[in-house]
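What follows is each chain in one-letter form.
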Amino acid sequence: MSEPADRRYGPAPLPRPRGPISAAVLGALRRPPHDLPPDLGVDLDPADPITDEDLQLTLFLCYELHYRGWRGVDEAWEWQPTMLALRAHAERPFEAALRRLVGSPLVPAAGVAAGLAELVAADDGPPLAATLQRRADLTQFREFVTHRSVYHLREADPHSWALPRLGGPAKAALVEIQTDEYGNGRLDRMHAELFRCTLQRLGLDTTYGAHLDEVPAVTLATNNLMSLFGLHRRLRGALLGHLAAFEMTSSLPNRRYGNGLRRLGFDEVATRFYDEHVEADAVHEQIAAHDLCGGLARVEPALAPDVLFGAAAGLAVDRLFAGHLLDRWAAGRSSLRSPAPPPLPPTVSLAVAASAAVAPPARPVVV
């Protein structure tokens, strides 16, 4: 029996708390909208906001109210004033930590597109994609997909917040990119739907928000970063810079992810999500750098530093995410919090074994 549409596409199930602030928010959300305690979150200032479980879950709880919402939660919570105040208290240390992490990238004389290219060329993050292509076992690959499900099941949505905040060439460029992300209006071509097929092939729950309890703070931070930029008009330049860096660093890793799944014996349905991004993002990176971010900088030159800040912040948090996975795997540990994903269903494991038995694993593309 297929899943009910509301379970597949949202709202998300409420996760478990990770500290006193997220526990207070979860307790409030289970009741009709009301004022939160005025001092809740006022003193939020953890040592490392990017990896603090309580802070990142609190932010995610607040942000999801502006996306598909929480299952069984009154939708009026979205604009409840004290909930918005709490979100602001949690955002301050998070944004400050991001700015400390990357500083203030300088816009080169050649312009924003050149600055983005320099940031991407200088990015020396841990070799997560190469590991997944060549060495990761099935358990590790399923963990990676579990982490990424938090974003990919709503892929493109955070960046769409910029559409009503732009005009002219930048808006046209963003529409062009987002149209591809949303499958040109075809459900079966939407990137979120392609990823749902990958989850199914790997025997993982495809319900929107199903894996929130399994992923750590650094995974939530990669998502909260986009929501922070997307929900603040003042950070629209950072949001476009993040998207540009995302597109400019996507094509090669996605080729490697697809090859990693082929090495493990999976079929074209499982790899289609990654294969689609190899070609699409090779085009998107040019549009994002020159037409999207370059177009914004031509119309609003004062936003050029924000564009580079957003790109640098996205790359930096992704490095932390990749480092977390590789460090845990190197130590023989799971990269996920408890509980881990369920064992691979017998039907899936047998299909993978049969595929590997009748043909050698696909040769990875040498890059």
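**Q** Please clarify how the overall build of the protein chain should be interpreted in this entry.
**A** Assigned secondary structure in the protein chain consists of 16 helices and zero strands. The buried share among the 367 residues of the protein chain stands at 54%. For the protein chain, the share of sequence-separated contacts (at least 6 apart) that also reach a separation of at least 24 residues comes to 83%. With an accessible surface of roughly 15500 Å², the protein chain has 56% of that area assigned to carbon and sulfur atoms.

**Q** What's the story with the packing of aromatic side chains in this structure? I'm lost.
**A** For any pair of aromatic rings, geometry is given as the distance between the ring centres together with the angle between the planes. The tally for this structure, following the rule as stated, stands at nine aromatic pairs. For the pair Phe 144 and Tyr 257, a centre-to-centre distance of 4.8 Å together with 45° between the ring planes defines the contact as tilted. Within this pair, whereas Phe 144 is found in helix α7 (residues 138-152), its partner Tyr 257 is found in helix α13 (residues 251-263), the two being separated by 113 residues in sequence. Per residue, the accessibility class of Phe 144 equals that of Tyr 257, and both read buried. Taking the centre distance of 5.1 Å and the plane angle of 80° together, the rings of Phe 273 and Tyr 274 count as edge-to-face. The residues Phe 273 and Tyr 274 share a single accessibility class, namely buried. Joined through ring pairs, the aromatic side chains of Phe 141, Phe 144, Phe 195, Tyr 257, Phe 273 and Tyr 274 make up one cluster.

**Q** Please explain the nonpolar core as it appears in this structure.
**A** Soluble globular proteins tend to bury their nonpolar side chains together. Formed by 101 residues in total, the largest nonpolar core has its most connected members in Leu 116, Phe 141 and Phe 144. In terms of residues, this core owes the most to one element, helix α15 (residues 304-330), which gives 15 residues.

**Q** Quick question: what am I supposed to make of the packing of helix α5 (residues 112-122) against α15 here?
**A** Pairs of packed helices are described in terms of their axes, by the angle between the two and the distance that separates them. In contact at an axis separation of 10 Å, α5 and α15 are set at 20° when each is read in the N-to-C sense. If you check the angle between α5 and α15, you find them roughly parallel. α5 and α15 meet at a crossing whose hand is right-handed. Between α5 and α15, the contacting residues are Val 112, Gly 115, Leu 116, Leu 119 and Val 120 on the first element and Ala 304, Val 307, Leu 308, Ala 311, Ala 312 and Leu 315 on the second. Grouping the constituent residues of the contact of α5 with α15 by class yields 10 nonpolar, one polar and no charged.

**Q** Quick question: what am I supposed to make of the side chain of Thr 58 here?
**A** As for its position among the elements, Thr 58 is in helix α3 (residues 53-64). There is a polar contact of 2.7 Å between the side chain of Thr 58 and the backbone oxygen of Asp 54. Filtering out sequence-adjacent residues up to four positions away, Thr 58 remains in contact with Ile 21, Ser 22, Val 25, Leu 86 and Ala 90.

**Q** Sorry, what's going on with helix α12 (residues 236-248) here?
**A** Working note: α-helix, 3.6 residues per turn, so residues spaced by three or four point in the same direction. For α12, which comprises 13 residues, the first-to-last C-alpha distance of 18 Å matches the rise-based estimate of 18 Å (1.5 Å per residue) to within 8%. The complete set of buried residues in α12 reads Arg 236, Gly 237, Ala 238, Leu 239, Leu 240, Gly 241, His 242, Leu 243, Ala 244, Ala 245, Glu 247 and Met 248.

**Q** How do you make sense of the confidence of the model for the protein chain when you look at a structure like this?
**A** As a general rule, the predicted coordinates of low-pLDDT regions are not to be interpreted in detail. Confidence in the prediction of the protein chain, expressed as mean pLDDT, is 91, and 90% of residues score 70 or more. Note that residues 353-367 has pLDDT below 50 and, in this model, 12 contacts with residues that lie over four places away or in other chains.

**Q** Explanation requested: the pattern of salt bridges in the structure shown.
**A** In a structure, side chains of opposite charge can pair up when their charged atoms sit close to one another. On inspection of all chains with the given rule, the structure shows 15 salt bridges. A salt bridge links Arg 87 to Glu 91, with the shortest nitrogen-to-oxygen separation between them at 3.2 Å. Note that Arg 87 and Glu 91 are positioned in helix α4 (residues 81-102) at a spacing of four residues, about one turn of the helix. There is no split in this pair, since Arg 87 and Glu 91 are both buried. With a closest N to O distance of 2.6 Å, Arg 236 and Glu 300 form a salt bridge. Remark: Glu 300 occurs in the loop between α14 (268-299) and α15 and Arg 236 occurs in helix α12; sequence separation between them is 64 residues. Given the relative accessible area of 8%, Arg 236 is considered buried. Each of the salt bridges in this network shares a partner with another, and the network as a whole consists of Arg 18, Glu 53 and Arg 337.

**Q** Quick question: what am I supposed to make of unusual backbone geometry here?
**A** Peptide bonds are trans in most cases, and residues, glycine excluded, mostly fall at negative phi. With an omega dihedral of -5°, the bond running from Gly 10 to Pro 11 counts as a cis peptide bond. Mapped onto the elements of the fold, Pro 11 is located in the loop between α1 (5-9) and α2 (20-29). In this structure, Ala 156 takes a positive phi of about 85° despite not being glycine. Structurally, Ala 156 is set in the loop between α7 and α8 (157-160).

**Q** Would you take a moment to explain α3 for this structure?
**A** Between its first and last C-alpha, α3 extends 16 Å over 12 residues, near the 16 Å set by a 1.5 Å rise per residue. The buried fraction of α3 amounts to 11 of the 12 residues, a majority that puts the element mostly inside the structure. Packed against the buried residues of α3 are α2, α4, α7 and α11 (217-230). Two to three positions downstream of the cap, the backbone nitrogen of Asp 54 sits 3.3 Å from a side-chain oxygen, assigning the N-cap of α3 to Asp 52.

**Q** Any chance you could explain the side chain of Glu 91 here in plain terms?
**A** On the accessibility criterion, Glu 91 (6% relative accessible area) is buried. At 2.7 Å, the side chain of Glu 91 and the side chain of Tyr 63 are in polar contact. Here Glu 91 is in contact with Leu 59, Tyr 63, Leu 228 and His 232, once residues within four sequence places are set aside.

**Q** What should I look at first to understand the environment of Arg 31 in this one?
**A** Along the chain, Arg 31 falls in the loop between α2 and α3. For the pair Arg 31 and Gly 72, spaced 41 residues apart in the sequence, the C-alpha separation amounts to 9.5 Å. At a separation of 3.4 Å, a polar atom in the side chain of Arg 31 contacts the side chain of His 34.

The rules behind the values
- Residues numbered from 1 in each chain as written.
- Predicted model: local features only at pLDDT ≥ 70, side-chain atom pairs only at ≥ 80, totals over all residues.
- Heavy atoms only, no water.
- Helix = DSSP H or I, 4+ residues; strand = E, 2+ residues; numbered from the N terminus.
- Buried < 20%, exposed > 50% of the residue type's maximum accessible area, 1.4 Å probe, protein only.
- Contact = heavy atoms within 4.5 Å.
- Areas by Shrake-Rupley, 256 points an atom, 1.4 Å probe, with all protein chains shown as cover.
- Phe/Tyr/Trp six-rings, centres within 6.5 Å; stacked < 30°, edge-to-face > 60°.
- Core = buried A, V, L, I, M, F, W, Y, C linked by side-chain atoms within 4.5 Å.
- Axes fitted to C-alpha atoms, helices over the stretch in contact; angles between N-to-C directions.
- Parallel < 35°, antiparallel > 145°, perpendicular 65-115°, else oblique.
- Left-handed = near helix turned anticlockwise from the far one by under 90°.
- Nonpolar A, V, L, I, M, F, W, Y, C, P; charged D, E, K, R; others polar.
- Polar contact = N/O pair within 3.5 Å; in protein donor to acceptor, adjacent residues only side chain to side chain.
- Expected span 1.5 Å × (residues − 1).
- pLDDT = per-residue confidence, 0-100.
- Salt bridge = Lys/Arg side-chain N within 4 Å of Asp/Glu carboxyl O.

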